[in-house]
Each structure stands twice: as C-alpha cells, then as structure tokens.
Amino acid sequence: MTYRLSVLDQSPIVEGATAADALANTIDLARHCDTLGYDRYWLAEHHASPGLAGAAPEALIGPVALATRHIRVGSGGIMLPHYSPFKIAETFRLLSALAPRRIDLGLGRAPGSDQRTAFALQRDRSRRMPNDFPDALAELTAYLEDALPEDHAFAALAKTLPGGGGNPELWMLGSSPDSARWAAERGLPYCFADFINADGAELAQHYRRSFRPSAQRAAPHVMVATWAIAADSTAEAERQALPSRMMFAHLLSGRLIAVPEIATAERWLAENPAPPRRRTTLGTPSQVHAQLDALASSYEADEVMLVNIMADHAARRRSYALIAAEYGLAEMPKAA
C-alpha cells in the first residue's frame, strides 16, 4: 500500500545534557530527515518536562524551516486552549511568510502538561478556563480564511495578518472521539496519536464517514502517528527502546524524568516490574515496513508519522535513515 512518511520530534533531553543540546539535535535531525525525503517534520508541545525540550513549537518551527529546504515544518501540535486564536493566526501566518507553503498548524486540545502547569499557563488565574475548544477553533479558522462576519468586533483583524506566504495547512490532532468529530465537522485533515491510544482505527472510520467538505479539504485525509524504531537487528531496536520504556513507566507513576542512558534503563527495567507497553513498531527496516503497512491499513491512512525517544542521537538518525531507505523516500515524488 502507498502512504506518505513524516516525523514527529519531541526534542528529548538525555540525562546529563541540556535543552540546548536537545534543540541542536532537533535542528540536526530535521536537516537529516529533509535530505532523506520525509514529507513533514512536526514539533511537539510539552510543558514543565525535564525530558522534553519542546515547550514552544511556534518558536522552534522558524529555525527548523530555515535550516531545511523541502520538508514541511509544523506543530504537532499547538495546544489551543492555552492561547488566543488571534495570536496563533498571527504567529503561523508569520511563519508562513518566513517559509511559504511549507508550514503546518496542527492543533490539539490536551494541555501538554499536568493540571497545575496548565493553570500556570493561564493569563487569568481567577478561575479555571472553560472548555471552549470548538469556539476557539472556529475563531482561528475564520481569521485565516477572513471569514468573520462584518459586524464581528474582530472582523478587521484578519486583514492585518502577515502576508506573502499563504496560510498554514491546518490539521486537527487527537486521540479521542471529540477530536475525530471536530475534524470531520470542520473539514480538516486528521492526525490520530496511535502512540497514545492504540484503539483509534474506529475513530478514523467515524471521521471519514462524518467528514464535511470545507475550504481546507474536499475529502477526508487521515494520518496516524506511531512509535517506531529501526535498527540493524531486532535486538538492537529493542535495546534502543529501553530509555523510552523507563520514561513511560515513570510517567505512569506520576514522575517525569530526563531520558536515561541505555545502560541506566537496562538496569532499572531489570530491577522493576515490566511496565505496560504502548504500541511500538520495532525491528529491522523490513520488519518495521511490514508493521507500518498493517497499521496504515487498519486506519486506511494516507500518511504515517513516526515518533521515538532515544538516548543515542546517532542511532536515532540511523533509525530514520534505515526506514527512508527501505521505503525509497528520496526517489518518491513529493506531495503537493
């Protein structure tokens, strides 16, 4: 089957390193994936995390876009409840002016943090913010499409957005029935986070059945994001996955840690009960290809986005290179 391949980067911070080191690795990996032929390079939003440096994808997209030439660069995603829709519209139209026709705006509802941090991100601390995601999404879309009613208080603002680069490509991200419904109602392409919820194939089908054509899309479009590591052997892929397994076990117990070195994770996992595993695609390039084919088929996916957290940056680069070579990405025509 045919589907596009892209990359989601959470900018992992390895124990003993800094956020600056992680961000330098992000720029390096983005350049690498650009030359390998991947379609998109998205940056995640996570707050107050000792192991993930991507607190502000809107600040990182510009440097990544300027460091690359062909790959689309975007947010995976911007957590809309934290921000003013007008501010997001301004920021992403500015990024589109910086890298015309290469910017994606993936939107999510989740806080990207614990509840305390989400509250700290609020400008108004007098109350908990209401769950007004559909209204905020409608306002953001109206700014980008200059579609606010003439009598709306903010109608004139759409014409002040930075120009010259077109609009970002707007995406709905999620792992729940709500995100599938909103994507369908708004006629947006939909990226499902299978690495968070591995039961999303039915939601993808609901999205397809309920899709309403829009100015963004005439037909539904599904991307599935999944955990994937390729290496020269299955054993080596399993070994490279140990740091993320240790991080996930700590996350389940409410503790956030930096990315452990492989030896540290190996010792810890040997001494502690095995934590539950998220769905993970691991193995040699051909094994990864077969597993991704099966995943894409279950979602009827048009695109697959690969994410991983690894302590060894060289091994991470090689993982993406092995998969790209297996698929022949550099020889494939690029999507419009």
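Everything that follows concerns the structure shown earlier in this document.
Residues numbered from 1 in each chain as written. Predicted model: local features only at pLDDT ≥ 70, side-chain atom pairs only at ≥ 80, totals over all residues. Heavy atoms only, no water.

Undergrad: Explain the overall build of the chain to me, please; I cannot follow it from the model alone.
TA: If you tally the helices and strands in the chain, you get 12 helices and 9 strands. Relative to its length of 336 residues, the chain is compact, with a C-alpha radius of gyration of 20 Å against a globular reference of 20 Å. C-alpha extents for the chain along the principal axes are approximately 65 × 50 × 40 Å. In the chain, which comprises 336 residues, the proportion classed as buried is 52%. Taking as baseline every contact in the chain between residues at least 6 positions apart, the subset at least 24 positions apart corresponds to 75%. Accessible area for the chain stands at about 14,800 Å²; split by element, carbon and sulfur atoms hold 54% of it. Each charge class in the chain can be summarised by its mean position, and for the 33 positive and 38 negative side chains these summaries are 2 Å apart. (Helix = DSSP H or I, 4+ residues; strand = E, 2+ residues; numbered from the N terminus. Rg over C-alpha atoms; globule rule 2.2 N^0.38 Å. Buried < 20%, exposed > 50% of the residue type's maximum accessible area, 1.4 Å probe, protein only. Contact = heavy atoms within 4.5 Å. Areas by Shrake-Rupley, 256 points an atom, 1.4 Å probe, with all protein chains shown as cover. Lys, Arg positive; Asp, Glu negative; His and termini not counted. Charge placed at Lys NZ, Arg CZ, Asp CG, Glu CD.)

Undergrad: How should I be thinking about helix α12 (residues 313-327) in this particular structure?
TA: Quick reminder: α-helices carry 3.6 residues per turn. Residues three or four places apart thus point the same way. Under the 1.5 Å per step criterion, the end-to-end length of α12 is 22 Å for 15 residues, consistent within 8% with the ideal 21 Å. Buried residues belonging to α12 abut β1 (4-9), α1 (19-36), β7 (222-230), α8 (234-240), α11 (285-299) and β9 (303-307). Trailing α12 by a residue or two, G328 shows a phi angle of about 65°, which is positive. (Expected span 1.5 Å × (residues − 1).)

Undergrad: Please clarify how the pairing of strand β3 (residues 72-79) should be interpreted in this entry.
TA: The side chains of a regular strand alternate, first on one face of the sheet and then on the other. Across the 8 residues that make up β3, a large majority, 8, are buried. Two elements, strand β2 (residues 40-43) and β3, share 4 bridges in a ladder whose sense is parallel. Its bridge partner being in β3, L43 is matched across the sheet by S75. Handedness of the crossover joining β2 and β3 through helix α2 (residues 57-67) is recorded here as right-handed. Bridge count between β3 and strand β4 (residues 103-108): 6 bridges; the pairing is parallel. In the strand pairing of β4, I78 is matched with L107. With respect to chirality, the unit in which β3 leads through helix α3 (residues 85-98) into the neighbouring parallel β4 is right-handed. (Pairing = 2+ DSSP bridges. Right-handed = clockwise from strand over helix to strand, strands pointing away.)

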